[in-house]
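Architecture and fold: a report
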Amino acid sequence: MDQLKPALIVLVLLSLVTGVAYPLIVTGIAQAVFPSQANGSLILRDGKPVGSSLIGQPFDDPGYFWGRLSATAPFAYNAGASSGSNLGPINPALHAAAKGRIDALREADPGNQAPVPVDLVTASGSGLDPDISPAAAFYQVPRVARARHLNEERVRELVHTHVRHRQLGLLGEPRVNVLRLNLALDGMTPG
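Here is a short report on the structure shown in this document. Since the model is a prediction, treat every value here as computed from it, not as a measurement.

Here we take up the sheet that holds strand E5 (residues 175-177). The antiparallel open sheet is built from three strands, whose spatial order is E3-E5-E4. Each end of this open sheet is capped by a strand with a single partner; those strands are strand E3 (131-132) and strand E4 (163-164). Here E4 pairs with E5 via two bridges, running antiparallel. Residue Arg 164 lies in a different strand from E5, and its bridge partner there is Arg 175.

Take the nonpolar core next. Core analysis: the largest hydrophobic core is formed by 24 residues, its most contacted members being Phe 65, Leu 105, Val 155 and Leu 185. With six residues, helix H4 (residues 134-148) is the largest single contributor of residues to this core. The contacts of Phe 65, once residues within four sequence positions are left out, are Phe 59, Ala 137, Gln 140, Val 141, Val 144, Val 155, Val 159, Val 178, Leu 181, Asn 182 and Leu 185.

So, on to H4. Given 3.6 residues per turn, any residue in an α-helix points the same way as the ones three and four places further on. The end-to-end C-alpha separation of H4 is 20 Å, in line with the 21 Å expected for 15 residues at 1.5 Å each. The largest bend along H4 measures about 40° and falls at Val 141, with the proline Pro 142 one to four residues further on. Within H4, eleven of the 15 residues are buried, leaving the element largely enclosed by the surrounding structure. Residues Pro 134, Ala 136, Ala 137, Tyr 139, Gln 140, Val 141, Pro 142, Arg 143, Val 144, Ala 145 and Arg 148 constitute the buried set of H4. The inward-facing, buried residues of H4 contact helix H3 (92-108), E3, helix H5 (152-161), E4, E5 and helix H6 (178-186).

Let us look at the pattern of salt bridges. The full count for this structure, using the stated rule, is nine salt bridges. The shortest N-O distance in the salt bridge between Asp 186 and Arg 45 comes to 3.4 Å. One end of the pair, Asp 186, is in helix H6; the other, Arg 45, is in strand E1 (residues 42-45), and 141 residues separate them in sequence. With a relative accessible area of 32%, Arg 45 lands in the partly exposed category. For Arg 166, the salt bridge identified is with Glu 173, shortest N-O distance 3.3 Å. Each member of the salt-bridge network shares a partner with another, and the members are Arg 45, Arg 148 and Asp 186.

Next up on the list: the side chain of Asp 131. In this fold, Asp 131 is placed in strand E3. One polar contact links Asp 131 to Asn 177, side chain to side chain, over a distance of 3.4 Å. Not counting chain neighbours up to four residues away, the residues in contact with Asp 131 comprise Arg 68, Arg 164, Arg 175, Val 176 and Asn 177.

On to the pairing of E1, then. Two elements, E1 and strand E2 (residues 48-52), share four bridges in a ladder whose sense is antiparallel. Counted as the bridge partner of Leu 42 is Ser 52 from E2. Where E1 hands over to E2, the hairpin turn is made up of two residues, of which Asp 46 adopts a positive phi near 55°.

What follows concerns the packing of aromatic side chains. Per the counting criterion, the structure on display carries one aromatic pair. With centroids separated by 5.3 Å and ring planes inclined at 35°, the aromatic side chains of Phe 59 and Tyr 64 adopt a geometry described as tilted. With a relative accessible area of 21%, Phe 59 lands in the partly exposed category. You can call Tyr 64 partly exposed: its relative accessible area is 21%. A cation sits over an aromatic face here: Arg 143 above Trp 66, 3.9 Å from the ring centre. Taking NZ or CZ as reference, Arg 148 lies 4.6 Å from the ring centre of Tyr 64, over its face.

Cut-offs applied
- Residues numbered from 1 in each chain as written.
- Predicted model: local features only at pLDDT ≥ 70, side-chain atom pairs only at ≥ 80, totals over all residues.
- Heavy atoms only, no water.
- Pairing = 2+ DSSP bridges.
- Helix = DSSP H or I, 4+ residues; strand = E, 2+ residues; numbered from the N terminus.
- Core = buried A, V, L, I, M, F, W, Y, C linked by side-chain atoms within 4.5 Å.
- Buried < 20%, exposed > 50% of the residue type's maximum accessible area, 1.4 Å probe, protein only.
- Contact = heavy atoms within 4.5 Å.
- Expected span 1.5 Å × (residues − 1).
- Bend = angle between axes of the 7 residues up to and from the residue.
- Salt bridge = Lys/Arg side-chain N within 4 Å of Asp/Glu carboxyl O.
- Polar contact = N/O pair within 3.5 Å; in protein donor to acceptor, adjacent residues only side chain to side chain.
- Phe/Tyr/Trp six-rings, centres within 6.5 Å; stacked < 30°, edge-to-face > 60°.
- Lys NZ or Arg CZ within 6 Å of the ring centre and 35° of its normal.

So, in structure tokens, the structure goes:
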């Protein structure tokens, strides 16, 4: 009994500190300093969330920019099942999937003979990548402009304005968030 009372007191105190106080303090700091990130980096349209800037969205309509392939199951961009395809570079299934995606891109835009950027035919490590390379976005400009009856140069300029450059000039790669780009595209009028 001499050891049980102090053990229970320590258990209750540590539970309050680590289970209540610490999470409340960290949540409060996050909400004060980084409110957007603390709330999921949500993208709002007319005050309603339409997605997150951190999780890709499935787009397959020719009038939208398409993101990277998603290897998640049972549906694409399933944030509850983040995973890569785990297919190695010599796996025939990887080659077949890439060839299928190239064929789909060529079928959607038969006049486009430019080399297909690699990020349009391979899945990301998480299967949830929300971004594509600027090359992948610019590759899709003719198809999107034609499907939406827009001037190609206007669409190209829209892509250019959505390119996010390296952080601090050296971290990461230039990228384009597909959801943000498609939402901006929805705001364009034909012509």
